[in-house]
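# A structural walkthrough
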Amino acid sequence: MDTNCQTAMAEFKRIIAIIAIIAVLMVVGALTYLGRYSTLDANTVVATTLGVFFSTLLGCGLFAAAFFSDKSGHDQDVTDASKSERERR
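A few points on the structure. Please read all numbers here as calculations on a predicted model, not as lab measurements. (Residues numbered from 1 in each chain as written. Predicted model: local features only at pLDDT ≥ 70, side-chain atom pairs only at ≥ 80, totals over all residues. Heavy atoms only, no water.)

Mapped onto the elements of the fold, alanine 20 is located in helix 1 (residues 2–37). Overall, alanine 20 belongs to the partly exposed group, its relative accessible area being 25%. On a C-alpha basis, the gap between alanine 20 and phenylalanine 54 in space is 9.4 Å, while along the polypeptide they are 34 residues apart. Not counting residues up to four positions away in its chain, the partners in contact with alanine 20 are Phe53 and Leu57. (Helix = DSSP H or I, 4+ residues; strand = E, 2+ residues; numbered from the N terminus. Buried < 20%, exposed > 50% of the residue type's maximum accessible area, 1.4 Å probe, protein only. Contact = heavy atoms within 4.5 Å.)

Shown next as structure tokens:
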């Protein structure tokens, strides 16, 4: 069980790093698009950078956390605990 958790944690860290790189690329793409088709001022750059980066990181990070929970065995621990709780009643 401990080996599964360590493997899942290593994979989770790798996925988060990939997600961060993708988020940076999406920010660059959004700023490129906005620069090409409208004017860019400091407020637009800051708002776009923060909005796109953190939205991407949050959305993908939550999916990654769900996969980590399943692969590390935490979901099975909860299932087993709730099953034994139901059997006691």
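Moving on from the model shown.
What follows concerns the packing of aromatic side chains. One pass over the structure, following the stated rule, counts three aromatic pairs. Between tyrosine 33 and tyrosine 37, the ring centres sit 4.9 Å apart and the planes meet at 50 degrees, which makes this aromatic pair tilted. Of this pair, tyrosine 33 and tyrosine 37 both sit in helix 1, four residues apart, roughly one helical turn. A relative accessible area of 59% means that tyrosine 37 is categorised as exposed. (Phe/Tyr/Trp six-rings, centres within 6.5 Å; stacked < 30°, edge-to-face > 60°.)

What follows concerns the environment of aspartate 41. Locating aspartate 41 in the fold gives a position in the loop between helix 1 and helix 2 (42–72). Of the polar contacts made by the side chain of aspartate 41, one reaches the side chain of threonine 44; its length is 2.4 Å. (Polar contact = N/O pair within 3.5 Å; in protein donor to acceptor, adjacent residues only side chain to side chain.)

Moving on: the side chain of threonine 48. Relative to the helices and strands, threonine 48 resides in helix 2. Within the local environment of threonine 48, its side chain forms a polar contact with the backbone oxygen of threonine 44, the two atoms lying 2.8 Å apart. Once you skip the residues sitting within four places of it in the chain, threonine 48 turns out to touch Ala30, Leu31, Leu34 and Phe53.

Together, Ile18, Ile22 and Met26 make up a nonpolar patch on the protein surface, roughly 250 Å² of accessible area in all. Along the chain, methionine 26 turns up in helix 1. With a relative accessible area of 43%, methionine 26 lands in the partly exposed category. (Patch = residues over 30% accessible without salt bridge, like charges linked within 9 Å, V, L, I, M, F, W, Y side chains within 5 Å. Areas by Shrake-Rupley, 256 points an atom, 1.4 Å probe, with all protein chains shown as cover. Salt bridge = Lys/Arg side-chain N within 4 Å of Asp/Glu carboxyl O.)

Purely spatial values, then, with no claim about function.
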